[in-house]
Amino acid sequence: MKVNVMRTIFKPDVPEKFVLYPYWIFHLRLFYKRLGRSDKVLDYFAYVDLYRFGAERGDSFIDIYEWDVDEKLIMKPLVGYEDAKTKAFESAIHWGNMRIVSWWMPRIEIVKHEQAYKVFWIFEEEGEKYVMDSLTGEKFKMKDLI
């Protein structure tokens, strides 16, 4: 099955297996009207976790590659597109309203959006099984996650 995967930054020395974790990624543009001042436009990148339903702010739209993987390695999303979009908008408005003073809510435009998967590597080191986040490099003992 072909799926979109976020660029991996970190990888264990000997990756044995992996699991793909679902996200919706949004590039949003916020348009703020302001009284007596020039209008403001802000770009916001939201990464919405489709399993725990949280939103994280990114610095840019991460590179995405197409992988052909076995369906068993893909975690199924628990959140649909509309809920993910609403979460991204809420996160963007909260972030933008901390930076811009305006009497009005911003108008929001979706510049780009893509469903993609983050790679979590599963590997063994010194007789212990670990899971590594491919974007942060953090590794966790498998027994602590179960």
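Refer to the structure printed above.
Residues numbered from 1 in each chain as written. Predicted model: local features only at pLDDT ≥ 70, side-chain atom pairs only at ≥ 80, totals over all residues. Heavy atoms only, no water.

Novice: Help me understand the pairing of strand β6 (residues 107–125) in this model?
Specialist: A regular strand carries its side chains on alternate faces of the sheet. Across 15 bridges, strand β2 (residues 17–32) lies against β6 in antiparallel orientation. By the bridge assignment for β6, W24 is matched with Q115. Two elements, β6 and strand β7 (residues 128–133), share six bridges in a ladder whose sense is antiparallel. The partner of F120 across the bridge, within β7, is D133. Counted along the chain from β6 to the antiparallel partner β7, the turn is two residues long, and its residue E126 has a positive phi close to 55°. (Pairing = 2+ DSSP bridges. Helix = DSSP H or I, 4+ residues; strand = E, 2+ residues; numbered from the N terminus.)

Novice: Explanation requested: unusual backbone geometry in the structure shown.
Specialist: Its identity as a non-glycine residue notwithstanding, F53 has a phi of 60°, on the positive side. Topologically, F53 is positioned in the loop between β3 (40–49) and β4 (55–58). Given a relative accessible area of 31%, F53 falls into the partly exposed group. At E126, a residue that is not glycine, the phi angle is positive and equals roughly 55°. Among the structural elements, E126 can be located in the loop between β6 and β7. (Buried < 20%, exposed > 50% of the residue type's maximum accessible area, 1.4 Å probe, protein only.)

Novice: Explanation requested: a nonpolar patch on the surface in the structure shown.
Specialist: A surface patch of nonpolar side chains, about 430 Å² in accessible area, is lined by L35, W103 and W104. Relative to the helices and strands, W103 resides in the loop between α1 (81–97) and β6. (Patch = residues over 30% accessible without salt bridge, like charges linked within 9 Å, V, L, I, M, F, W, Y side chains within 5 Å. Areas by Shrake-Rupley, 256 points an atom, 1.4 Å probe, with all protein chains shown as cover. Salt bridge = Lys/Arg side-chain N within 4 Å of Asp/Glu carboxyl O.)

Novice: Got a minute to help me understand the layout of surface pockets in this structure?
Specialist: Left-over empty space is what a probe sized like a water molecule reveals as it rolls over the atoms. One number sums up the size of the largest pocket: a volume of about 240 Å³. Lining the largest pocket are 13 residues, with Y47, R57, G58, I62 and L135 positioned closest to its centre. If one sorts the elements of the lining of the largest pocket by residue count, β4 sits on top with three residues. In this structure, the second largest pocket spans a volume of roughly 150 Å³. The wall of the second largest pocket is formed by V19, Y21, M75, F120, I122, V131, F140 and L145. Of all the secondary-structure elements, those providing two or more residues to the lining of the second largest pocket are β2 and β6. Across the lining of the second largest pocket, the residue classes tally to eight nonpolar, no polar and no charged. (1 Å grid on protein atoms, 1.4 Å probe; cavity = no way out; pocket = protein on both sides within 12 Å on 5 of 7 lines; lining within 4 Å. Points joined across faces, edges and corners; volume = space filled by probe spheres on them. Nonpolar A, V, L, I, M, F, W, Y, C, P; charged D, E, K, R; others polar.)

Novice: Would you mind showing me how to read the pairing of β2 here?
Specialist: Extensive coverage of β2 is indicated by the burial of twelve of its 16 residues. Bridge count for β2 against β3 is ten bridges, and the pairing is antiparallel. Within β3, the position partnered with Y23 by the bridge is D49.

Novice: Where do I start with the side chain of S134 in this structure?
Specialist: Within the fold, S134 resides in the loop between β7 and β8 (139–141). Classification of S134 by relative accessible area gives buried; the value is 1%. A distance of 2.8 Å separates the side chain of S134 from the backbone oxygen of V119, its partner in a polar contact. Not counting the four nearest positions on each side in its chain, S134 is found in contact with T8, I9, F10, K118, V119 and W121. (Polar contact = N/O pair within 3.5 Å; in protein donor to acceptor, adjacent residues only side chain to side chain. Contact = heavy atoms within 4.5 Å.)

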